[in-house]
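Report on the structure
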Amino acid sequence: MISLFYVKDVKGDHRLFSSEPVGLPVKKSKAKEAWELAKRKLMLLPQRTLRQEQALGRSLRMTEPTVRILHGAADTKHLNLKFKFFLNRQRGRRLAMLIGELILVPPSGLVAILPGPNVVFYALALLILTHWQSFRGVRHLLQKEIIYESSPELEAWEAAVEEKREADFPALLAAIETKYGLTGLRKVLWK
């Protein structure tokens, strides 16, 4: 089961990311390999934004009627309301980004006059697909029943962020990564 994490970063903004399931190596077609290579090379988003986009996109593949959200909030009184507000705000942002990107598609087609591949159009198309999947993922998450589970490691992280104990950040992030099998949390929650 894929878990979603709803945690504050160093700036105090909430981040949503998922645990990546350990996958078995599967032989892919050449088209799928080319698509994966293009996504790795052309993805221009910072790691903290990219992980959130991927988590929202992965929510489309969740077939269970409930979703498990791990959080570190000490005050859980209005957590459901805050999370739904967060999702609605993300949906609005994705819609605004999609509209802006679709406006940029015709001018990017003019770059095709230049020799070589139209990298501008390909990067824009990749961003449009990524934002479209995350937009659909937000809509999908809003329809699910959400189960909130508190995590002591995430609570310790948010307490350290609240108190601005930057010396404790590396140890806390390492503890979260080892417990949940995550990688690269430093780029998502800290720097």
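Definitions and cut-offs
Residues numbered from 1 in each chain as written. Predicted model: local features only at pLDDT ≥ 70, side-chain atom pairs only at ≥ 80, totals over all residues. Heavy atoms only, no water. Helix = DSSP H or I, 4+ residues; strand = E, 2+ residues; numbered from the N terminus. Expected span 1.5 Å × (residues − 1). Buried < 20%, exposed > 50% of the residue type's maximum accessible area, 1.4 Å probe, protein only. Contact = heavy atoms within 4.5 Å. Pairing = 2+ DSSP bridges. Axes fitted to C-alpha atoms, helices over the stretch in contact; angles between N-to-C directions. Core = buried A, V, L, I, M, F, W, Y, C linked by side-chain atoms within 4.5 Å. Parallel < 35°, antiparallel > 145°, perpendicular 65-115°, else oblique. Left-handed = near helix turned anticlockwise from the far one by under 90°. Nonpolar A, V, L, I, M, F, W, Y, C, P; charged D, E, K, R; others polar. Phe/Tyr/Trp six-rings, centres within 6.5 Å; stacked < 30°, edge-to-face > 60°. Lys, Arg positive; Asp, Glu negative; His and termini not counted. Salt bridge = Lys/Arg side-chain N within 4 Å of Asp/Glu carboxyl O. Polar contact = N/O pair within 3.5 Å; in protein donor to acceptor, adjacent residues only side chain to side chain. Arc of directions from axis to C-beta.

Every α-helical turn comprises 3.6 residues, leaving residues that sit three or four positions apart pointing alike. The end-to-end C-alpha distance of helix H2 (residues 47-58), which contains 12 residues, comes to 16 Å, matching closely the 16 Å that a straight helix rising 1.5 Å per residue would cover. A large share of H2 lies buried, amounting to nine of its 12 residues. Taken residue by residue, H2 has Arg48, Leu50, Arg51, Gln52, Glu53, Ala55, Leu56, Gly57 and Arg58 as its buried positions. Contacts from the buried residues of H2 go to strand S1 (4-8), strand S2 (14-18), helix H3 (79-109), helix H4 (119-142) and helix H7 (185-190).

Moving on to the sheet that holds strand S3 (residues 66-71). The strand order across the open sheet formed by four strands is S2-S1-S3-S4, and the pairing between neighbours is mixed. The sheet is open, and its two borders are formed by S2 and strand S4 (145-150), each paired with just one other strand. Each adjacent strand pair in this sheet contributes to an overall mean axis angle of 25°, direction not counted. Sheet analysis places S1 next to S2, joined by five bridges and oriented antiparallel. Within S2, the position partnered with Lys8 by the bridge is His14.

Counting buried residues along S1, four of its five residues qualify, which places the element largely inside the surrounding structure. Connecting S1 to the antiparallel partner S2 that follows it, the hairpin turn spans five residues, and Gly12 within it adopts a positive phi of roughly 90°. Here S1 pairs with S3 via three bridges, running parallel. For Tyr6, the partnering residue across the bridge sits in S3 and is His71.

Moving on: the nonpolar core. Ranked by size, the top nonpolar core spans 18 residues in total, and within it Phe5, Phe17, Trp157, Leu185 and Leu189 carry the most contacts. Mapped onto this core, the elements with two or more residues apiece are S1, helix H5 (152-163), helix H6 (169-180) and H7. In terms of residue count, H6 provides more of this core than any other element does, five residues in total. Leaving out residues up to four positions away in the same chain, Phe5 has contacts with Arg15, Leu16, Phe17, Ser18, Ser19, Leu70, Leu154, Tyr180 and Leu182.

The N-to-C vectors of H3 and H4 enclose an angle of 155°; their axes lie 9 Å apart at closest approach. Relative to H4, H3 is oriented roughly antiparallel. With respect to the hand of their crossing, H3 and H4 are arranged in left-handed fashion. Counted by class, the contact of H3 with H4 contains 17 nonpolar, five polar and five charged residues.

Scanning the entire structure with this criterion turns up 10 aromatic pairs. Arranged with centres 5.1 Å apart and planes meeting at 70°, the rings of Phe5 and Tyr180 form a pair that is edge-to-face. Remark: Tyr180 occurs in helix H6 and Phe5 occurs in strand S1; sequence separation between them is 175 residues. Aromatic rings pair up to connect Tyr6, Phe83, Phe86 and Tyr148 into one cluster.

This part takes up the environment of Lys32. Relative to the helices and strands, Lys32 is located in helix H1 (residues 30-42). Separated by 119 residues in the primary sequence, Lys32 and Ser151 have C-alpha atoms spaced 37 Å apart.

Of note, Glu101 is situated in helix H3. Buried within the structure, Glu101 lacks any salt-bridge partner; Arg94 is the closest side chain of opposite charge, at an N-O distance of 8.8 Å. Of the polar contacts made by the side chain of Glu101, one reaches the side chain of His131; its length is 2.7 Å. Residue contacts for Glu101: discarding those within four places in its chain leaves Leu124, Leu127, Ile128 and His131.

Below, the discussion takes up H6. The terminal C-alpha atoms of H6 lie 17 Å apart, and with 12 residues this matches the ideal 16 Å at 1.5 Å per residue to within 8%. Taken together, the buried positions of H6 are Phe169, Leu172, Leu173, Ile176 and Tyr180. One face of H6 carries all of its buried residues, which in axial projection span an arc of 100°. Every exposed residue of H6 that faces more than 90 degrees away from the buried side is listed here: Ala171 and Thr178. Each element contacted by the buried residues of H6 is listed here: S1, S3, H5 and H7. Two residues or fewer after H6 comes Gly181, characterised by a positive phi angle close to 70°.

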